[in-house]
Amino acid sequence: MTLGQKIKRIRTFRNLTQKQLGVLLGYTESNADVRIRQYEQDDKAPRKENLMRFAEVLGVNYVSLTGGEAGSTEYIMQTLFWLEEATPGLINIIQLEKIPRKNGVKKNPDHRENDMSVKYYDGDDWPTYLPACIWFKQNSLNQFIADWRAQKKAVIAGKITQDEYFEWKLNWPNYGTEGGNNNA
């Protein structure tokens, strides 16, 4: 998603008109909607200090607008969050289950050398094609993805609303799991 699309998505989520957002940002009432429209259409990009003000006024974490530094944990998570917003249902997170070694044997006899596949039970929730799985050799990123999975499960179970889920993504990592705010 472009920055303009993100601003528009958050503005509409907050039930603000372009004019209302512009006035909250300090633009004059006569040109407030024009300025916001230019940003949302990506005709203009807000300067860094204005972008920080956008985040403050919209009540979101600054990285939800900027994505953070390319390659950082924040960048990876925000890219995935916004990809999910652009294409709902595209990303599914699975939890792997560790299988303990049998009777002190160093290697599970069911494991084939150089086999990087993960076995799963075919079911209604799985696609007809073979899905791929990804994991990271970075504990914090894996934990953040596990937290994200908990949020997705909470929405599916009806424990939190879709709006609460989006709010969690907008303020990540300042929100914990199950829709709770760590900073509250």
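Residues numbered from 1 in each chain as written. Predicted model: local features only at pLDDT ≥ 70, side-chain atom pairs only at ≥ 80, totals over all residues. Heavy atoms only, no water.

**Observations regarding the packing of helix α6 (residues 73-86) against helix α7 (residues 139-156)**
Packed helices, taken two at a time, are described by the angle their axes make and the gap between the axes.
Phase 1 of the analysis: At a minimum axis separation of 10 Å, α6 and α7 run at an interaxial angle of 25°. In terms of orientation, α6 and α7 fall into the roughly parallel class. Seen from above, α6 lies across α7 with right-handed handedness. Touching Thr73, Ile76, Met77, Leu80, Phe81 and Glu84 of α6 are Ser140, Leu141, Phe144, Ile145, Trp148 and Lys152, all from α7.
Phase 2 of the analysis: Grouping the constituent residues of the contact of α6 with α7 by class yields eight nonpolar, two polar and two charged. (Axes fitted to C-alpha atoms, helices over the stretch in contact; angles between N-to-C directions. Helix = DSSP H or I, 4+ residues; strand = E, 2+ residues; numbered from the N terminus. Parallel < 35°, antiparallel > 145°, perpendicular 65-115°, else oblique. Left-handed = near helix turned anticlockwise from the far one by under 90°. Contact = heavy atoms within 4.5 Å. Nonpolar A, V, L, I, M, F, W, Y, C, P; charged D, E, K, R; others polar.)

**Thoughts on the pattern of salt bridges**
Phase 1 of the analysis: On inspection of all chains with the given rule, the structure shows nine salt bridges.
Phase 2 of the analysis: Measuring nitrogen to oxygen at the nearest pair gives 2.7 Å for the salt bridge that ties Arg14 to Glu167. Here Arg14, found in the loop between α1 (3-13) and α2 (18-24), pairs with Glu167, found in helix α8 (residues 162-171); they are 153 residues apart in sequence, far enough to count as distant.
Phase 3 of the analysis: Taking the shortest distance from any N to any O, the salt bridge between Arg37 and Asp33 comes out at 3.7 Å. Of the two residues, Arg37 and Asp33 both sit in helix α3 (residues 32-40), four residues apart, roughly one turn of that helix.
Phase 4 of the analysis: Through salt bridges with shared partners, a single ionic network connects Arg9, Glu84, Glu85, Lys152 and Lys169. (Salt bridge = Lys/Arg side-chain N within 4 Å of Asp/Glu carboxyl O.)

**Quick notes on the nonpolar core**
What tends to happen in soluble globular proteins is that the nonpolar side chains get buried as a cluster.
Phase 1 of the analysis: Ranked by size, the top nonpolar core spans 19 residues in total, and within it Ile10, Leu21, Phe54 and Leu65 carry the most contacts.
Phase 2 of the analysis: Only α1, α3, α4 (48-58) and α8 provide two or more residues apiece to this core.
Phase 3 of the analysis: Ignoring anything within four residues of it in the chain, the contact list for Ile10 reads Leu58, Val60, Leu65, Trp82, Phe166 and Leu170.
Phase 4 of the analysis: Counting 13 residues, the second-largest nonpolar core is a separate cluster that includes Phe81, Trp148, Ala154 and Tyr165. (Core = buried A, V, L, I, M, F, W, Y, C linked by side-chain atoms within 4.5 Å. Buried < 20%, exposed > 50% of the residue type's maximum accessible area, 1.4 Å probe, protein only.)

**Some words on the packing of aromatic side chains**
Two numbers describe a pair of aromatic rings. These are the distance of the centres and the angle of the planes.
Phase 1 of the analysis: In this structure the tally under the stated criterion is seven aromatic pairs.
Phase 2 of the analysis: With 5.8 Å between their ring centres and 85° between their planes, Phe81 and Trp172 make a pair best called edge-to-face. You can see Phe81 sitting in helix α6 and its partner Trp172 sitting in the segment after α8, a full 91 residues away along the chain. Per residue, the accessibility class of Phe81 equals that of Trp172, and both read buried.
Phase 3 of the analysis: Residues Phe144 and Trp172 carry aromatic rings whose centres are separated by 4.8 Å and whose planes lie at 85° to one another, so their mutual orientation is edge-to-face. Separated by 28 residues along the polypeptide, Phe144 in helix α7 and Trp172 in the segment after α8 bring together distant segments of the chain.
Phase 4 of the analysis: Members of the aromatic cluster, connected to one another through ring pairs, are Phe81, Phe144, Trp148, Trp168 and Trp172.
Phase 5 of the analysis: Between the NZ or CZ atom of Arg9 and the centre of the ring of Phe166, over which it lies, the distance is 3.9 Å. (Phe/Tyr/Trp six-rings, centres within 6.5 Å; stacked < 30°, edge-to-face > 60°. Lys NZ or Arg CZ within 6 Å of the ring centre and 35° of its normal.)

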